[in-house]
Amino acid sequence: MGFVCRGENGEFIYAESRGLGITTNFIDEIMAIIGAVEWAVEHNNFDIRVQSDSNAAITAYKSEKVPWIEQASWQQIKVMFRRIQFIHSMREINSSADVMAKKGAGLSRGVCQKYSTKPAFLPSLEMPDKIYYRCC
């Protein structure tokens, strides 16, 4: 599991990877969102936008149908926000979070790597309004 926190202008703020052990991609996405939201609360950010390339995870949070494994955490934390906005993005513009998730997949269960400065393996961050082309 992994996530990247960015500022209003898209600048790097924080990133984290965690080893979850054997799990599904859906649970991995659910846990990444909870991890990012918990980080936001710990750092007094109560007006946030959550962007994920998992439409299923975004839908689960929007419809209040979060899996039982994170249901209690979500119920406690969601009331702390002035505003929380969920946005689905295409995978091609969420590559930094995917890099962090891949790092997490290689970690043992319970191991966590935290980055308060942009790590060298994240050469650039995606910009929400930038046009991306991918030729295969």
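Note that the structure is a prediction, hence the values are computed from the model and not measured. (Residues numbered from 1 in each chain as written. Predicted model: local features only at pLDDT ≥ 70, side-chain atom pairs only at ≥ 80, totals over all residues. Heavy atoms only, no water.)

Enquirer: An account of the overall build of the protein chain is needed here, citing residue identities and associated values.
Expert: Counting its regular elements, the protein chain contains four helices and five strands. From first element to last, N terminus to C terminus, the protein chain shows the α and β order β-β-α-β-α-α-β-α-β. Compactness check: the protein chain gives a C-alpha radius of gyration of 14 Å against a globular reference of 14 Å for 136 residues, within 12% of the reference. Along the first, second and third principal axes, the C-alpha set of the protein chain runs to 40 × 35 × 30 Å. The buried share among the 136 residues of the protein chain stands at 43%. A fraction of 74% describes how many contacts in the protein chain between residues 6 or more apart in sequence connect residues 24 or more apart. With 16 positive and 15 negative side-chain charges, the protein chain shows a spacing of 2 Å between the two charge centroids. (Helix = DSSP H or I, 4+ residues; strand = E, 2+ residues; numbered from the N terminus. Rg over C-alpha atoms; globule rule 2.2 N^0.38 Å. Buried < 20%, exposed > 50% of the residue type's maximum accessible area, 1.4 Å probe, protein only. Contact = heavy atoms within 4.5 Å. Lys, Arg positive; Asp, Glu negative; His and termini not counted. Charge placed at Lys NZ, Arg CZ, Asp CG, Glu CD.)

Enquirer: Describe in detail the packing of aromatic side chains, supporting the description with residues and values.
Expert: A complete count under the given rule lists seven aromatic pairs for this structure. With a centroid separation of 5.0 Å and 15° between ring planes, the pair formed by tyrosine 14 and tryptophan 39 is classed as stacked. Here the residue tyrosine 14 occupies a position in strand β2 (residues 12-18), and tryptophan 39 occupies one in helix α1 (residues 25-42), the gap between them amounting to 25 residues. Take tyrosine 14: its relative accessible area is 9%, and that puts it in the buried class. (Phe/Tyr/Trp six-rings, centres within 6.5 Å; stacked < 30°, edge-to-face > 60°.)

Enquirer: Help me get a handle on the confidence of the model for the protein chain, residues and values and all.
Expert: For the protein chain, per-residue confidence averages 87 on the pLDDT scale, and 90% of positions sit at 70 or higher. At the low end of the mean pLDDT range in the protein chain sits helix α4 (residues 95-105), at 84; at the high end sits helix α2 (residues 55-62), at 95. (pLDDT = per-residue confidence, 0-100.)

Enquirer: Quick one: what's the story with the environment of valine 66, residue by residue and with numbers?
Expert: In this fold, valine 66 is placed in the loop between α2 and α3 (68-78). Sequence separation between valine 66 and isoleucine 27 is 39 residues, and the spatial gap between their C-alpha atoms is 9.7 Å. Beyond its immediate stretch of four places on either side in the chain, valine 66 contacts Ile30, Ala60, Tyr61, Gln71 and Trp74.

Enquirer: Quick one: what's the story with α4, residue by residue and with numbers?
Expert: When we look at burial in α4, the residues that qualify are Ser96, Ala97, Asp98, Met100, Ala101 and Gly104. Among the structural elements, β1 (2-6), β2, α1 and β5 (112-115) are those in contact with the buried residues of α4.

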